[in-house]
2 protein chains.
Amino acid sequence: MTNSTAPDQDGPGFALPLLLFAGFRTLIDRLHAELAVQGHPELRPSHGFALQAIGTAGTTASEMGRRLGVSKQAAGKTADRLEALGYVERVDDTQDARRKLVRLTAHGVDALVRSARIFDELRAEWAAALGPQQLRDMEAGLRRMTPGNFFRLDAPGWFSS
Amino acid sequence: MTNSTAPDQDGPGFALPLLLFAGFRTLIDRLHAELAVQGHPELRPSHGFALQAIGTAGTTASEMGRRLGVSKQAAGKTADRLEALGYVERVDDTQDARRKLVRLTAHGVDALVRSARIFDELRAEWAAALGPQQLRDMEAGLRRMTPGNFFRLDAPGWFSS
DNA sequence: ACCTTTTCGACAACCACGTTGACTATGTTA
DNA sequence: TAACATAGTCAACGTGGTTGTCGAAAAGGT
């Protein structure tokens, strides 16, 4: 009989997280290689999460921090960098003088639109290579094994290429 | 008329990398929650990769950097932090006066052994929840879609528990 | 209306983790 | 021996995160 925690025909347990991370990195690297070609060479992986957190409606730095699971100060610094790169702009909130809305520029919206399309294309590649049903099974399995709904990125440096 | 890149029954393409990352994060978070209980509360995820790159045989900071894909300076700083935490020690190489061997302490080896066992247990949980074959399919699919040696595990001795 | 509490944005100090470039000491090789 | 390659270190810096503090502005209770 095989070992209950690591049967002979299966790899060691540590391969699973490595494979998941490698899959993630592969997709993210390909996304940014494409984005670089399509007019967004300066956009880094962490910026994508931040732009997604801001959304087309815009938001404040504090709310951004809540969505990303980081402090409002960290979110504010990220907004500073995105502002310097031309992806967002800050406007005063006329309703609430404390707030400063962080809003996507046309460049920022363009990055979001292109990212969505590139991700769809990459997923289609995977579906073609693995078969649509196996890919759906993979996604369903991951959904089952992970707490739903996070695009938190308190993993600095893990995807910094 | 379904979109060719994102059929209606499938989620949007951007869900795939998020799910892969969520799976990775879930496993890593659970690993470190367990490690914290088992005497390694200070160990951070990046430290695990570094310890693995050092291996039971020990290595130099430069070689560490090559294995991890970072500069020798960055690897040296990581070794500094691991040394301060008691996971590694530095010894002079009697064969080559330029080199300083970074070697795991007993504490470092303990962390590696426990990590391997915890990963095996986590994989067994996934196998029980998803079925062994679907998990194997997931791993095989990921292996197919990712470049082979993403992280080199040249020192496989540490998972033989 | 007034006072208290909460929230927002900003500033400062700091840490983790990475980068280049420059430099010394030591091996290696033509 | 001279030239070159490599190991380690120091310095300066960039990015992305943390806590703590603060003043200004909004919100709420009396």
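Conventions we followed
- Residues numbered from 1 in each chain as written.
- Chains lettered and ligands numbered in written order.
- Predicted model: local features only at pLDDT ≥ 70, side-chain atom pairs only at ≥ 80, totals over all residues.
- Heavy atoms only, no water.
- Helix = DSSP H or I, 4+ residues; strand = E, 2+ residues; numbered from the N terminus.
- Polar contact = N/O pair within 3.5 Å; in protein donor to acceptor, adjacent residues only side chain to side chain.
- Contact = heavy atoms within 4.5 Å.
- Phe/Tyr/Trp six-rings, centres within 6.5 Å; stacked < 30°, edge-to-face > 60°.
- pLDDT = per-residue confidence, 0-100.
- Near = heavy atom within 4 Å.

Visitor: I'd like a rundown of the side chain of Glu139 of chain B, residues and numbers included.
Guide: Secondary-structure assignment places Glu139 of chain B in helix H6 (residues 132-145). A distance of 2.9 Å separates a polar atom in the side chain of Glu139 of chain B from a polar atom in the side chain of Arg123 of chain B. Ignoring anything within four residues of it in the chain, the contact list for Glu139 of chain B reads Leu16 and Leu19 of chain A together with Arg123 of chain B.

Visitor: Can you break down the packing of aromatic side chains residue by residue, with the values?
Guide: Counted according to the given criterion, the structure contains four aromatic pairs over all chains. In textbook terms, an aromatic cluster arises when at least three aromatic residues are bridged by ring pairs, as seen for Phe21 and Phe24 of chain A together with Phe21 and Phe24 of chain B.

Visitor: Kindly report on the confidence of the model for chain A, identifying the contributing residues and their values.
Guide: Per-residue pLDDT for chain A averages 89, and the proportion of residues at 70 or more is 86%. Across residues 153-161 of chain A the pLDDT falls below 50, and counting only partners more than four positions away or on other chains, this stretch makes 25 contacts in the model.

Visitor: Explain the environment of Phe119 of chain B residue by residue, including any values.
Guide: Mapped onto the elements, Phe119 of chain B comes out in helix H5 (residues 106-130). Taking the C-alpha atoms as reference, Phe119 of chain B lies 16 Å from Gly39 of chain B; in sequence the two are 80 residues apart. What Phe119 of chain B contacts, discounting residues up to four positions off in sequence, is Gly13, Phe14 and Pro17 of chain A together with Leu27, Ile28 and Leu31 of chain B.

Visitor: Lay out the protein's contact with DNA strand C in plain terms, naming residues and giving numbers.
Guide: Near DNA strand C there are 22 residues, and of these Arg98 and Lys100 of chain A together with Gln73, Lys77 and Ala97 of chain B occur at the shortest range. Among the atoms of DNA strand C lying within 4 Å of the protein, the sugar-phosphate backbone contributes 57%. For DNA strand C, a base nitrogen lies 3.4 Å from a polar atom in the side chain of Gln73 of chain A. For DNA strand C, a phosphate oxygen lies 2.8 Å from a polar atom in the side chain of Ser46 of chain B. Mapped by element, the contributors of at least two residues to the surface near DNA strand C are helix H3 (61-68) and helix H4 (72-84) of chain A together with helix H2 (45-54) and helix H4 (72-84) of chain B.

Visitor: Pulling in residues and values, what's your account of the protein's contact with DNA strand D?
Guide: Around DNA strand D sit 23 residues in total, of which Ser71, Gln73 and Lys77 of chain A together with Arg66 and Lys72 of chain B are the nearest. The sugar-phosphate backbone supplies 58% of the atoms of DNA strand D found within 4 Å of the protein. Between Arg66 of chain B and DNA strand D, the recorded distance is 2.7 Å, taken from a side-chain N or O atom to a phosphate oxygen. Elements with a contribution of two residues or more to the surface near DNA strand D: helix H2 (45-54) and H4 of chain A together with helix H3 (61-68) and H4 of chain B.

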